[in-house]
Amino acid sequence: MTLADLASRTGFPKSSVMGICHALTHEALLVRGVDGTYALGSHLFELASAARAHTWPIHDIGFSYPVDESFFLAEIDALHTEADRLGARLHVHTAKESTANQSRRILEFVSAGVDLVLIEPVATDGLEEACAQARAARIPVVALGSAVSGADAVVATDNTKAGFLAGSALATALDGRGRVAVVGGIPITANSDRIAGFLAAVAPHPGIEVVATSYGELDAKSGRRAAREILAAHATVDGFFAANDQIAIGISGVLRGRKLSVPIVGVDGAKGAIDEIRAGGPIIATATQDPPALVRTAMDIGVALHSGAHVARRSRYLAPRLIDAHNVERYRPWG
Amino acid sequence: MGIDGSRTPAVHRGARILDAVSSGAATTPAALIGLLGLPKSSMADLLSTLEEVGFVARGADGDLHVGKRWSDLTDSNALAHNLFRACATPDLDGHTISLVQLFGNQVVFVDVHLGRLPLPLTPRPGQRAPAASCAGAAAILSTMTPEEAAETVSAAAAHLGLGDDDVQRCLQLRHPRRRKVYESQSPQMGRQLACSVPGTGFALTLHVPDRWPEPAIAKASRALHAAAHDS
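As the structure is a computational prediction, the values presented were derived from the model and not from experiment.

1. Let's talk about empty space enclosed by the protein
Rolled over the atoms, a probe sized like a water molecule indicates the empty space that remains.
Residue and element names in this part refer to chain A.
Step number 1: This model, assessed by the stated rule, comprises two cavities of 30 Å³ or more.
Step number 2: Considered as a void within the structure, the largest cavity measures approximately 170 Å³ in volume.
Step number 3: If you go around the largest cavity, you meet 17 residues; those closest to its centre are Phe 72, Ile 188, Arg 194, Leu 218 and Gln 289.
Step number 4: Elements that contribute at least two residues to the lining of the largest cavity include exactly helix H4 (70-86) and helix H8 (189-202).
Step number 5: With three residues, the top contributor of residues to the lining of the largest cavity is H8.

Okay, structure coming up:
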């Protein structure tokens, strides 16, 4: 296109067009040919590429989660909000606590050509092949809540800190002395981190002895089972640490049924646990998670990875808060 | 000539803003003011204009990014996204793939999807290369009739200062019989496989790494052809 063409098209004086074209050529946004015509310059293509990468649209998001428990349902609510914001479709699937189901569903997401996969894992290991398939298809996989072997990124609560906060609360409640039981959760890093944090918190208290370790799952029923087994094996238990609030609620049911006044601490900040803290126990404290914040952060990373952008921090751990009788009235649970 | 000595300082200032935003060096007005040292009112005016014409946009978080208008200028039918997504297959995993168009006797890299595998030369968006060293040129020209091919190459001849011989040499890259995949090998651009994207004037190019096994290249070649035709 010539200067005369440009002046005619824009309605600007030819001298102005010449000045602008000279500047745009200097910036490599235009390139001047030997005949004085102009074409698009190399820098313009670079900017176009950057724009394309940023506006890489997300049409479909796949989310696989372990089971229909309140925490995951809160995450799904937050995901719907995020998907609506992006104008994307959200496809959710419960793995029914089966790693095989979860792996299969991720592969189905890949086959369906979703743009982004988020996983609340049933287990840390066992999804490597599915994640590799997603990577081959250039579909980012973001682990939510706990790390996953093979995922591109992880967004979780700082679970070690959560366990530490809960452990500190129990140590204070027991005045540094007592026989305590630990009830872990499903085999994900989040739960092992919480237990590690709890043990680190009680370690400076030689009067506190961990007399039993058991494992629950994601529901109150598993907490009731663990509590019954522990109380059958140990006549005296002075306190419980539960890896999640559903387990804590299950333990609480058993203790109340037996009219035992034994403090329980957990992790999640779930409504059921908060109600008990307000009522005076047996659950006395819980370290919070924030499902909407976890989802927002995971989506930010997922969208960036999808666009091909460099993500400097692919592991994000959000800080928990301890909720106990002192601050429970100011806390609004997510569940 | 510095920005202040230019007859059109706003163009240069706008370009500095775009550089800062596209590189991520500054993505808020305050950061841009800190980086570029422009008065707040000037920055507000420039950003307002750039946003108005779609050269800069704001994300949901308020951060600035390069606007969609730029991609419209180079790919008005928004083909690049679908084509690169269609290349997201296991057989093309890790490969660098470019979308190219012909400009006279040159190939222009419209956009590049960078892979993980090392290449002797990594193409960049906006880069130009001799058509003879790029498989994409043969792929594009071979989908055209001789008349269309001559018209396409000649369209930029005056701009590039091409003589008849240059045009004819470029047209010789056209294969009379169409192939699925076209191949080139040159010291300048390395080994390439390319497929034309029907009805677009674009070609998808696979940049083949050194010492890549032939069976893998054959699979990648089939996947590239499918991507160019299925997107």
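Following the structure, the description resumes.
2. Thoughts on helix H2 (residues 14-26) of chain A
Residue and element names in this part refer to chain A.
Step number 1: Over its 13 residues, H2 extends 18 Å from the first C-alpha to the last, a length consistent with the 18 Å expected when each residue adds 1.5 Å.
Step number 2: Listed in full, the buried residues belonging to H2 are Val 17, Gly 19, Cys 21 and Ala 23.
Step number 3: Positive backbone phi, approximately 60°, marks Ala 28, located one or two places after H2.

3. What about the sheet that holds strand E8 (residues 202-208) of chain B?
Step number 1: Taken together, six strands build an open sheet; the order of strands is E5-E4-E3-E8-E7-E6 (chain B) and the sheet is antiparallel. Only two strands of the sheet have a single partner each, and these edge strands are strand E5 (128-130) and strand E6 (182-186) of chain B. Pairwise comparison of adjacent strand axes, ignoring direction, gives a mean angle of 35° for this sheet.
Step number 2: Here E6(B) runs beside strand E7 (residues 190-197) of chain B; their pairing, made up of five bridges, is antiparallel. Bridge pairing in E7(B) places Tyr182(B) opposite Ala194(B).
Step number 3: In the packing of helix H3 (residues 42-54) of chain A onto the sheet, the strands contacted are strand E3 (96-103) and strand E4 (106-113) of chain B, and the crossing angle to E4(B) comes to about 25°.

4. Remarks on the layout of surface pockets
Step number 1: By volume, the second largest pocket amounts to about 630 Å³.
Step number 2: What lines the second largest pocket is a set of 18 residues, and nearest its centre among them are Leu24(A), Leu50(B), Val53(B), Phe55(B) and Trp70(B).
Step number 3: Looking at the lining of the second largest pocket, the elements that each hand over two or more residues are helix H1 (9-23), helix H3 (40-52) and helix H4 (69-74) of chain B.
Step number 4: When grouped by side-chain class, the residues that make up the lining of the second largest pocket number 15 nonpolar, two polar and one charged.

5. Overview of unusual backbone geometry
All names here are of chain A.
Step number 1: A cis geometry characterises the amide bond from Gly 281 onward to Pro 282, with omega recorded as 10°.
Step number 2: Summarising the element assignment, Pro 282 is placed in the loop between helix H11 (271-279) and strand E12 (283-288).
Step number 3: Notably, Ala 28 is not glycine yet its phi reads approximately 60°, a positive angle.
Step number 4: One can find Ala 28 in the loop between H2 and strand E1 (30-32).

6. Examining the pairing of E4(B)
All names here are of chain B.
Step number 1: In terms of burial, E4 is largely enclosed, as six of its eight residues are buried.
Step number 2: Two strands pair when backbone bridges link them, and E3 and E4 are joined in this way by seven bridges, in the antiparallel orientation. Bridge assignment links Gln 101 to a residue of E4, and that residue is Val 108.

7. Here we look at the packing of aromatic side chains
Residue and element names in this part refer to chain A.
Step number 1: Following the criterion strictly, the structure yields six aromatic pairs over all chains and no others.
Step number 2: With a centroid separation of 5.6 Å and 15° between ring planes, the pair formed by Phe 63 and Tyr 65 is classed as stacked.
Step number 3: Each ring, one from Phe 198 and one from Phe 241, has its centre 4.5 Å from the other, and the planes form 20°; the classification is stacked. A residue pair is termed long-range when its members are at least 10 positions apart, and Phe 198 in helix H8 and Phe 241 in strand E10 (residues 239-242) qualify at 43 residues. We note that Phe 198, like Phe 241, is buried.
Step number 4: By the ring-pair criterion, three or more aromatic residues cluster together here, those being Phe 63, Tyr 65, Phe 71, Phe 72 and Trp 334.
Step number 5: A cation over a ring is seen here: Arg 105 above Phe 109, with NZ or CZ 5.9 Å from the ring centre.

8. What to know about the interface of chain A and chain B
Step number 1: If you look at the interface, chain A gives 43 residues, while chain B gives 44 residues.
Step number 2: Summed over both partners, the interface of chain A with chain B comes to about 3500 Å²; 62% of that surface belongs to carbon and sulfur atoms.
Step number 3: For chain A, the biggest contributors to the area lost against chain B are Phe45(A), Arg52(A) and Arg138(A); these three give 22% of the whole.
Step number 4: Run the count over chain A and chain B and you get nine residue pairs in polar contact (both at pLDDT 80 or more).
Step number 5: Listing elements by their share of the side of chain A that touches chain B, those giving two or more residues are H2, E1, strand E2 (38-40), H3 and helix H6 (128-136) of chain A.
Step number 6: When residues in the side of chain A that touches chain B are grouped by element, the largest group, twelve residues, is from H3(A).
Step number 7: Residue composition of the side of chain A that touches chain B, by class: 22 nonpolar, twelve polar and nine charged.

9. Re the side chain of Asp152(A)
Residue and element names in this part refer to chain A.
Step number 1: With respect to the secondary-structure elements, Asp 152 resides in the loop between strand E6 (141-144) and strand E7 (153-157).
Step number 2: Exposure remark for Asp 152: the relative accessible area of 16% places this residue in the buried category.
Step number 3: A polar atom in the side chain of Asp 152 sits 3.1 Å from the side chain of Arg 135.
Step number 4: A polar contact of 2.8 Å, which involves the side chain of Asp 152, links it to the backbone nitrogen of Val 141.
Step number 5: Those residues within four positions of Asp 152 in sequence are excluded, and the remaining contacts are Arg 135, Ile 139, Pro 140, Val 141, Leu 305 and Arg 314.

10. Quick word on H6(A)
Step number 1: Of the positions making up H6(A), those classed as buried are Ala130(A), Cys131(A), Ala134(A) and Ala136(A).
Step number 2: Arg138(A), located one to two residues past H6(A), shows a positive phi value of around 60°.

Criteria and thresholds
- Residue positions are counted from 1 within each chain, in the order its sequence is given.
- Chains carry letters and ligands carry numbers; both start at the beginning, A for chains and 1 for ligands, and go up in the order they are written.
- Side-chain atom pairs in this predicted model are given and counted only at pLDDT of 80 or more, local residue features only at pLDDT of at least 70, and totals for whole chains, interfaces and linings cover all residues.
- Excluded from the side-chain calculation are hydrogens and water; included are all heavy atoms of the structure.
- In this analysis the probe radius is 1.4 Å and the grid spacing 1 Å, with only protein atoms considered; a cavity is a set of points the probe fits into but cannot get out of, a pocket is an open set with protein on both sides within 12 Å along at least five of seven lines, and lining residues have an atom within 4 Å of a point.
- Grid points are joined across faces, edges and corners, and a volume is the space filled by probe spheres set on the points.
- The helix and strand labels rest on DSSP assignments: H or I over at least four residues marks a helix, E over at least two residues marks a strand, and numbering proceeds from the N terminus.
- Given a helix with a known number of residues, its expected span is that number minus one, times 1.5 Å.
- When a residue's accessible area, from a 1.4 Å probe over protein chains only, is under 20% of the maximum for its type it is buried; when over 50% it is exposed; and in between it is partly exposed.
- Between any two strands, at least two bridges found by DSSP are needed for them to pair.
- Note on definitions: angles span 0 to 180 degrees between N-to-C directions of axes, and those axes are lines fitted to C-alpha atoms, for helices only across the stretch in contact.
- Between two residues, a contact is recorded if the distance between any of their heavy atoms is within 4.5 Å.
- Any residue that is not Ala, Val, Leu, Ile, Met, Phe, Trp, Tyr, Cys, Pro, Asp, Glu, Lys or Arg is counted as polar, Gly included; the first ten are nonpolar and the last four charged.
- Only rings of Phe, Tyr and Trp enter the pairing, Trp through its six-membered ring, and a pair is recorded when the two centres are within 6.5 Å. The plane angle decides the type: under 30 degrees is stacked, over 60 is edge-to-face, the rest tilted.
- For a lysine, the NZ atom is tested; for an arginine, the CZ atom; a charge sits over a ring if that atom is within 6 Å of the ring centre and within 35 degrees of the ring normal.
- Here the buried area means the combined drop in accessible surface, using a 1.4 Å probe, for two parts upon being joined, counting both sides.
- Polar contact criterion, stated in full: a pair of N or O atoms within 3.5 Å, where within protein one must be able to donate a hydrogen and the other to accept it, and residues adjacent in sequence count only if both atoms are side-chain atoms.

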